[in-house]
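Now for the letters of each chain:
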Amino acid sequence: MRLDKFLSQHLGISRSLVARELRAGRVTIDDEIVKSGSVQVSADKSVAYEGNVLVHVTGPRYFMLHKPEGYICSTEDPTHPTILFFIDEPLADKLHSAGRLDIDTTGLVLLTDDGQWSHRITSPKHHCEKTYRVELENEIADDVAKRFEDGVMLNGEKSPTKPAQLEIITPKEVLLTISEGRYHQVKRMFAAVGNHVTGLHRERIGDIWLDTDLAPGEYRELTKDEINSITVPR
């Protein structure tokens, strides 16, 4: 990669501004000042700006985040804080969430810069299951599990939901597993059976479960097995 492109990505500035920083002698490669943006840089070269080494990002990256309430799953937003607030990684703005959560929903969010990998999660044809812990305003009715298994019609939709599995924890707390991702689907499913969601927490995506050691706002890299559980056809 050219040095000017590398610096533009890491510093978040235009190449014209990069050229100015280079001319000012603020950039070094292996401790030597470099003023030409056309120089090629590789992972074995130590590039520094004003003495601070810039980390090379090689290959795709995969993380899980325990999303707290009050943050949105976008790279930037003019009115709300985003989940990238918690991600202390080089080029964090290049990451995206593989399946979003509403601002008031907590739990598992997967972040990556691998578009094909995230597509396997979000594309309807791959039927990637997600499990949610749901808190309800009213006690769950006896027939809801069967209705969800058969599929329910959501307001404004032309087709019923795909079969979903409901596990009752308490009369007002359940686990719901779905394999599609319609707009506000979980909340709308319970509204369709006359109930109201008061708390929503995602625990699982595919075979990846939220790490119980992660407090809200904490994140970690995915293991190879977790990554491959999405990559390898099931």
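Model, not experiment: these values are computed from the prediction. (Residues numbered from 1 in each chain as written. Predicted model: local features only at pLDDT ≥ 70, side-chain atom pairs only at ≥ 80, totals over all residues. Heavy atoms only, no water.)

Participant: How do you make sense of the pattern of salt bridges when you look at a structure like this?
Facilitator: Close approach of charged atoms allows side chains with opposite charge to pair. Considering all chains together, one arrives at 19 salt bridges under this definition. Measuring nitrogen to oxygen at the nearest pair gives 3.7 Å for the salt bridge that ties Asp4 to Arg15. Highlighted residues: Asp4 in helix 1 (residues 3-11) and Arg15 in helix 2 (residues 15-23), separated in sequence by 11 residues. Asp4 gets classed as buried once you look at its relative accessible area, which sits at 10%. Measuring nitrogen to oxygen at the nearest pair gives 3.5 Å for the salt bridge that ties Glu157 to Arg182. Placement of Glu157 in the loop between helix 4 (144-150) and strand 9 (165-170) and of Arg182 in the loop between strand 10 (173-178) and helix 5 (185-192) is noted, with a sequence separation of 25 residues between them. A residue is classified by how much of its surface remains accessible, and Glu157, at 28% relative accessible area, is partly exposed. When its relative accessible area of 18% is taken as the criterion, Arg182 is described as buried. Connected through salt bridges with shared partners, the residues Arg20, Glu21, Arg26 and Glu50 form a single ionic network. (Salt bridge = Lys/Arg side-chain N within 4 Å of Asp/Glu carboxyl O. Helix = DSSP H or I, 4+ residues; strand = E, 2+ residues; numbered from the N terminus. Buried < 20%, exposed > 50% of the residue type's maximum accessible area, 1.4 Å probe, protein only.)

Participant: Mind showing me how you'd approach the domain arrangement of the chain here?
Facilitator: The extent of an interface is frequently quoted as the accessible surface area lost upon association of the parts. You can read the domains of the chain as domain 1 (3-53), domain 2 (62-124 + 207-229) and domain 3 (130-205). If you average the C-alpha positions of domain 1 and of domain 3, the two centres end up 52 Å apart. (Domains from an automatic or database assignment.)

Participant: Even after reading the chapter, I still don't get the sheet that holds strand 1 (residues 27-29), so can you show me in this structure?
Facilitator: Hydrogen bonds between backbone atoms are what pair the strands of a sheet, whose relative direction is either parallel or antiparallel. With respect to topology, 4 strands assemble into an open sheet ordered 2-1-3-4, the strand pairing being antiparallel. Where the open sheet ends on each side, the last strands, each with one partner, are strand 2 (32-33) and strand 4 (52-53). Note that strand 1 and strand 3 (residues 47-49) share 3 bridges and pair antiparallel. Across the sheet, the residue bridging to Val27 is Tyr49, located in strand 3. (Pairing = 2+ DSSP bridges.)

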